[in-house]
Amino acid sequence: MTLPRPLRVLGIETSCDETAAAIVDGDRRILADRVLSQTGIHTPYGGIVPEIAARAHLDHLDGLIRDALAEAGVGLADLDAVAATGGPGLIGGVMVGVMAAKGIALAARLPFLAVNHLEGHALSPRLSHGLDFPYLLLLVSGGHTQLLAVEGVGRYARLGTTIDDAAGEAFDKTAKLLGLPYPGGPAIEQAARDGDPARFALPRPMLGRPGCDFSFSGLKTAVRQAVAGLATPPTARDVADMAAAFQATVAAVVADRCRRAAALFRQRHPTGGALVVAGGVAANGAIRTALERIAADLGMPFVAPPHRLCTDNGAMIAWAAIERFRLGQQDGLDFAPRPRWPLDPTAPKAIGAGVKA
């Protein structure tokens, strides 16, 4: 008897500055994973230019999809569905991915799924580790910093969010102040390896306060004021020490917020669950180490997807679509791309960057 093959889904990701296409199957195998970074074209501007990002997605997405199909050794007829990030993100880029996926779905008569980009990150540890629900998630990236109880597909309870800036944005702005290249996260981590984190006394916003919310705007201001008092340009020692101080501060704040969130999570789920970190900033070693310590102190398993699944990628979009498709879900071709799409729409509105949560 021939057993049915596992589901195969094409996932497309174009929400920010990575153009990505991947094919994943229902046995958690990544059959193809193509990502084209736009870092080079945005570096001269010190950040992402939305119009340039959308044009780059438009120029390269078709080729990446063809490459992914060839790498996986499949054709459109071998797929069970096609999925794309439907939001949140830079709306021009999201539209490119959604329209490409709709076109493929229509031409190949495949189901179409619009995936919440944040849900892609939230479910990525189930792709990488086969993790069971529920678990406590720290989702930390360039545009989002929030703590969520992940209770099932489409079931998320937001425990905390940033009230102003995301951690990833703070990394980028600090790197720019120090004359380090974009993107700031890897540059800060590299510079911090030789730095003294105790040289600069930076504020630790929200540390020890009730609740689980984050704030990074004041930290960015403190870094700017400290850098203004240094030589112009800062010396290599100045850069290393400030990078180390900034990274240690963010790690300490994140650890404190996660400890408080764990208490709330256990009220909801007394039998426990893992502490998970996902999103681009999850690739930072100092933050991972701080979270590993917190998890060990609390007796929680610690899970972090591999680095390639932390940054934006098509595999997490394909997997989130598989999770939804197994539940009988799919979307119509009239789906409208969304610049904002909260995982927990019942959570109270937050000011600043928190509205993106």
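For the structure itself, look to the data block above.
None of the values given here were measured: they were computed from a predicted structure.

(A) Molecular detail of the overall build of the protein. The number of helices and strands found in the protein is 11 helices and 10 strands. A globule of 357 residues ought to have a C-alpha radius of gyration of about 21 Å, and the protein, at 20 Å, matches this closely. Dimensions of the protein along its principal axes, counting C-alpha atoms only, are 70 × 50 × 35 Å. By the burial criterion, 55% of the 357 residues in the protein qualify as buried. When contacts within the protein are restricted to residue pairs at least 6 apart in sequence, long-range pairs at least 24 apart make up 73% of them. Of the roughly 14,700 Å² of accessible surface on the protein, a fraction of 54% belongs to carbon and sulfur atoms. Taken together, the 35 basic and 34 acidic charged side chains of the protein have centroids lying 4 Å from each other.

(B) Region of interest: the environment of G328. For G328, the position within the fold is in the segment after α11 (314–326). We classify G328 as exposed; its relative accessible area is 63%. Sequence separation between G328 and G273 is 55 residues, and the spatial gap between their C-alpha atoms is 26 Å.

(C) Geometry of the side chain of Q247. Relative to the helices and strands, Q247 is located in helix α8 (residues 236–268). A relative accessible area of 10% places Q247 in the buried class. Within the local environment of Q247, its side chain forms a polar contact with the side chain of N284, the two groups lying 2.9 Å apart. Each residue touching Q247, except ones within four places of it in the same chain, is listed here: I188, E189, A192, N284 and A286.

(D) Inspection of the pairing of strand β1 (residues 8–13) at higher detail. Within β1, five of the six residues are buried, leaving the element largely enclosed by the surrounding structure. Linkage of β1 to strand β2 (residues 18–25), two consecutive antiparallel strands, is achieved through a turn of four residues.

(E) Quick look at the pattern of salt bridges. Scanning the model with the defined rule gives 17 salt bridges in all. With a shortest N-O distance of 2.9 Å, E151 and R268 are connected by a salt bridge. Taken together, the positions of E151 in strand β7 (residues 145–152) and R268 in helix α8 put the pair 117 residues apart, joining distant regions of the chain. Judged by its relative accessible area of 14%, E151 is buried. A salt bridge links K173 to E169, with the nearest nitrogen and oxygen atoms 3.2 Å apart. Within this pair, K173 and its partner E169 are both found in helix α5 (residues 167–177), separated by four residues, close to a single helical turn. Residue K173 is classed as partly exposed on the basis of its relative accessible area of 39%. The network of salt bridges with shared partners includes D165, E169, K173 and K220.

Calculation notes
- Residues numbered from 1 in each chain as written.
- Predicted model: local features only at pLDDT ≥ 70, side-chain atom pairs only at ≥ 80, totals over all residues.
- Heavy atoms only, no water.
- Helix = DSSP H or I, 4+ residues; strand = E, 2+ residues; numbered from the N terminus.
- Rg over C-alpha atoms; globule rule 2.2 N^0.38 Å.
- Buried < 20%, exposed > 50% of the residue type's maximum accessible area, 1.4 Å probe, protein only.
- Contact = heavy atoms within 4.5 Å.
- Areas by Shrake-Rupley, 256 points an atom, 1.4 Å probe, with all protein chains shown as cover.
- Lys, Arg positive; Asp, Glu negative; His and termini not counted.
- Charge placed at Lys NZ, Arg CZ, Asp CG, Glu CD.
- Polar contact = N/O pair within 3.5 Å; in protein donor to acceptor, adjacent residues only side chain to side chain.
- Pairing = 2+ DSSP bridges.
- Salt bridge = Lys/Arg side-chain N within 4 Å of Asp/Glu carboxyl O.

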